[in-house]
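# Examination of the molecular architecture
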Amino acid sequence: MEDMWLKLENATDTVDFIINLPNDGCVSVLSEISGKKQPDILWGPKYMKKGTYRLPMPTSRIIGKKGKVELFNLSLIPETETGSKGNGERQFNSPMGIDYDTTRNEILVADTGNDRIVRLNYDGRYLGKHGGFGVSFGDKKEEREDSLDNPYDVACGGFSNFYVSDQNNERICVFDSYRSYKGKFYPPNNQKRYALNKPRGIVTDYENNLWIVDGRSDRVIKVAPNGDKILEIGGFGRGKQQLKSPNKIDVSVSGEVYIADTGKKRIAVFDRLGSFLNEITGYFRQPSSVCIDNDGLLVVTDTGNNEVILITPEGFKLASLTSASDGRKLKRPEDLVCSNDYIYVLDTGNHRILHIKRLKEVKYVGWQVKNTMLE
């Protein structure tokens, strides 16, 4: 059986990675960082056919580093489900948003129809709830400050806090690391020009900035950890820079912004400064959310096709899923989030969470570039 092998060759300003692939699959060049669990992705992931390839890498990016080249394939295996319709501990009513707290291994769900945030352990065990509409006997004066009205999404912050896209209250509110309500995060009080119009998806990036999909305004807003607005993407229009009914969002480690631009049936990609890079089209009817997994692949929910789709950043379709482990078809999957081993999908029309195993088959070879020589 043919083996995977790697040779390094010096060029003027590059080092050529000459790689033999014994089978088809996704290829990534990874760099190990001391003290960091996840390696940096220097190149890829890109789907490639069996064969031998030459990949030039800038010497400045790899000098004095070591890592590995991976050849891998991923399968999506439905394993179990959590939830049913209702307002009990492990029940939901049209949940629209989900996130995963890696520091606590907790799933957070925006249980939209029940006006609350539900916290679950990674295996679906109930931990607690927050919010609730909070009106006593219909008297609006009895509404609590931490009441939520149609919360659309939830996003974990960098300090074990979490943010809530409180759609009908047209605000983003924040809960601290003790899971206590701390108040409105955005927009600033009495600042009409910063007002939100039905905020939808939210996500924090690796610098703890918050990205907000302002749904009815067809735009995305980037907000600093102190609440100051940094930039804005989109606005309604026909151009590729503009958005139409955007829904959810994710941001890569290197700062690329991926937007589920539902009205234009695409995933729109921008850089960290808000400039349009490219778009992924052709597979979707109503893409509702996008998530970047630990291998740099994109997982997309499509409510129009009732499907979960796995694609490369270049837009090559790798796999798809339309049924749960119990055989039931997906119904309006609205959001998803990836952990190391699982993808958690909100099967919104069935009022539950799917636990999908990421089964990874991988081959790899190591590399090292010293400051003075190649090994």
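As the structure is a prediction and not an experimental result, all values here were calculated from the model.

## Focus on the overall build of the chain
- For the chain, the helix and strand inventory stands at one helix and 29 strands.
- For the chain, whose C-alpha radius of gyration is 22 Å, the value lies close to the compact-globule estimate of 21 Å for 375 residues.
- Expressed along its principal axes, the backbone C-alpha trace of the chain runs to roughly 75 × 45 × 40 Å.
- Residues counted as buried form 52% of the 375 residues belonging to the chain.
- The long-range share in the chain, meaning contacts at least 24 apart out of those at least 6 apart in sequence, stands at 49%.
- Accessible area of the chain: about 17,100 Å², with a carbon and sulfur share of 44%.
- Distance between charge centres in the chain, computed from 53 positive and 51 negative side chains, equals 3 Å.

## Structural notes on the layout of surface pockets
- In this structure, the second largest pocket occupies an estimated 250 Å³ of space.
- Forming the walls of the second largest pocket are 14 residues, and the residues nearest its centre are Q38, E70, N294, D295 and K360.
- Every element with two or more residues in the lining of the second largest pocket is listed here: β3 (25–31), β6 (65–82) and β29 (352–369).
- No other element matches the three residues that β6 contributes to the lining of the second largest pocket.

## With respect to the sheet that holds strand β14 (residues 181–186)
- Pairing is antiparallel in the open sheet, where four strands are placed in the order β11-β12-β13-β14. The strands lining the two open edges of the sheet, one partner per strand, are β11 (151–156) and β14. For this sheet, the mean inter-axis angle between neighbouring strands, taken without regard to orientation, is 25°.
- Pairing geometry for β11 and strand β12 (residues 162–166), over five bridges, is antiparallel. Looking at β12, one finds that A155 is bridged to Y163.

## Here's the deal with the state of the cysteines
- Taken as a whole and assessed by the stated rule, the structure comprises zero disulfides.
- Between C156, a cysteine without a disulfide, and C291, which holds the nearest cysteine sulfur, the sulfur-to-sulfur distance is 12 Å.
- Exposure remark for C156: the relative accessible area of 8% places this residue in the buried category.
- Cysteine C338 is unpaired, with the sulfur of C291 as its nearest cysteine sulfur at 3.5 Å.

## Quick notes on the environment of T301
- Residue placement: T301 occurs in strand β24 (residues 298–302).
- Once the C-alpha coordinates of T301 and C291 are considered, the two residues, ten residues apart in sequence, prove to be 9.0 Å apart.
- Those residues in contact with T301, other than ones at most four positions away along the chain, are Q286, P287, S288, S289, E307, V308, P333, E334, D335, L336 and V345.
- One polar contact links T301 to S288, side chain to side chain, over a distance of 2.7 Å.

## Looking at the sheet that holds strand β5 (residues 51–58)
- A sheet is described by the order of its strands in space; here three strands give the open sequence β1-β2-β5, paired in antiparallel fashion. A strand with exactly one partner marks an edge of an open sheet, and here the two such strands are β1 (5–10) and β5. Each adjacent strand pair in this sheet contributes to an overall mean axis angle of 20°, direction not counted.
- Strand direction decides the pairing type here: β1 and strand β2 (residues 14–21), joined by six bridges, are antiparallel. Across the sheet, the residue bridging to L8 is F17, located in β2.

## Some words on the packing of aromatic side chains
- Per the stated rule, a full pass over the model turns up ten aromatic pairs.
- Their ring planes at 75° and their centres at 5.5 Å tell us that F175 and Y181 sit as a pair that is edge-to-face. One exposure class covers both F175 and Y181, and it is buried.
- Ring geometry for Y283 and F284: centres 6.0 Å apart, planes at 75°, overall edge-to-face.
- Classification of Y283 as partly exposed rests on a relative accessible area of 28%.
- Relative accessible area serves as the criterion here: at 7%, F284 is assigned to the buried category.
- In this structure an aromatic cluster arises from ring pairing among Y100, Y342 and Y344.
- One cation-aromatic arrangement involves K68 over Y364; the distance from NZ or CZ to the ring centre is 4.6 Å.
- Between K360 and the ring centre of F72, over which it is positioned, the NZ or CZ distance is 4.8 Å.

## Concerning the environment of S323
- Among the secondary structure elements, S323 is positioned in the loop between β26 (317–321) and β27 (333–338).
- Taking C-alpha positions, S323 is 8.2 Å from E307, a pair spaced 16 residues apart along the chain.
- Residues in contact with S323, not counting those within four places in the same chain, are P78, R328, K329 and L330.

## As for unusual backbone geometry
- Following G44, the chain continues to P45 via a peptide bond in cis, the omega torsion being 0°.
- Relative to the assigned elements, P45 resides in strand β4 (residues 40–48).
- Note the cis peptide between Y186 and P187, where omega equals 0°.
- Position of P187 relative to the elements: it lies in the loop between β14 and β15 (199–204).
- Phi at K198 takes a positive value of approximately 60°, unusual for a residue other than glycine.
- By secondary structure assignment, the location of K198 is in the loop between β14 and β15.

The rules behind these values
Residues numbered from 1 in each chain as written. Predicted model: local features only at pLDDT ≥ 70, side-chain atom pairs only at ≥ 80, totals over all residues. Heavy atoms only, no water. Helix = DSSP H or I, 4+ residues; strand = E, 2+ residues; numbered from the N terminus. Rg over C-alpha atoms; globule rule 2.2 N^0.38 Å. Buried < 20%, exposed > 50% of the residue type's maximum accessible area, 1.4 Å probe, protein only. Contact = heavy atoms within 4.5 Å. Areas by Shrake-Rupley, 256 points an atom, 1.4 Å probe, with all protein chains shown as cover. Lys, Arg positive; Asp, Glu negative; His and termini not counted. Charge placed at Lys NZ, Arg CZ, Asp CG, Glu CD. 1 Å grid on protein atoms, 1.4 Å probe; cavity = no way out; pocket = protein on both sides within 12 Å on 5 of 7 lines; lining within 4 Å. Points joined across faces, edges and corners; volume = space filled by probe spheres on them. Pairing = 2+ DSSP bridges. Axes fitted to C-alpha atoms, helices over the stretch in contact; angles between N-to-C directions. Disulfide = S-S within 2.5 Å. Polar contact = N/O pair within 3.5 Å; in protein donor to acceptor, adjacent residues only side chain to side chain. Phe/Tyr/Trp six-rings, centres within 6.5 Å; stacked < 30°, edge-to-face > 60°. Lys NZ or Arg CZ within 6 Å of the ring centre and 35° of its normal.

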